[in-house]
Amino acid sequence: MIGQLNHVAIAVPNLKEAADNYKSTLGAKISEPKEQPEHGVTVIFVELPNTKIELLEPLGKDSPLHSFLEKNPSGGIHHLCFEVDDIVLASLHLRNEGAHLIDEGRPRIGAHGKPVLFLHPKDFSGTLIELEEA
Ligand code: CO
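Residues numbered from 1 in each chain as written. Predicted model: local features only at pLDDT ≥ 70, side-chain atom pairs only at ≥ 80, totals over all residues. Heavy atoms only, no water.

A.B. asks: Before we go on, may I ask you to explain the pattern of salt bridges in this structure?
C.D. replies: Oppositely charged side chains may form a pair once their charged atoms are brought near each other. Summed over the entire model, instances satisfying the criterion amount to three salt bridges. Residues Lys61 and Asp62 are paired through a salt bridge, measuring 4.0 Å at the closest nitrogen-oxygen approach. The pair formed by Lys61 and Asp62 is uniform in burial state, with each residue classed as exposed. The salt bridge involving Arg106 is made with Glu104; its shortest N-O contact spans 3.3 Å. For the pair shown, Arg106 and Glu104 are each scored as exposed. (Salt bridge = Lys/Arg side-chain N within 4 Å of Asp/Glu carboxyl O. Buried < 20%, exposed > 50% of the residue type's maximum accessible area, 1.4 Å probe, protein only.)

Right, here's the structure in full:
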């Protein structure tokens, strides 16, 4: 059901520092920072030939990243995003499989303007999974 890896999202305490590291140490191409107030994050994309890394810094005091960074003060992998052809079919399939869907599997518009849903980390070896309709 899942297709390509769309991105790996990494929560970071300091976005500029993290992005500079990818740029100068690893020689990666990085985007300008983009604020996404509706998701409580500021993001910088690291563009790789086959996928993206999204460096996420909390934006605002209600950001969902604060609790993650409390547990992981130097940052860490926040989620993996896989592409699916049809988010509604994916949601139905996952429900039948007994997967734990966040927000009961109701797709919402994600950070790239496309429908997404999230799967609980407890089903996937401790990793939050995002599915995005590509
Ligand atoms: Co994501």
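A.B. asks: Just checking my understanding: could you explain the coordination of the cobalt ion for this structure?
C.D. replies: By definition of the ideal shapes, four donors in a tetrahedron about a metal sit 109.5 degrees apart, and six donors in an octahedron sit 90 or 180 degrees apart. Bound to the cobalt ion on the protein side are His7 (NE2), His79 (NE2) and Glu130 (OE), at distances that span 2.1 Å. When the donors of the cobalt ion are listed by position in the chain, the intervening gaps give H-x71-H-x50-E. Separated by 123 residues along the polypeptide, His7 in strand β1 (residues 5-11) and Glu130 in strand β9 (residues 128-133) bring together distant segments of the chain. Look at His7 and you get buried, because its relative accessible area is 1%. (Donors = N, O, S within 2.8 Å, 3.2 Å for Na, K, Ca; no water. Helix = DSSP H or I, 4+ residues; strand = E, 2+ residues; numbered from the N terminus.)

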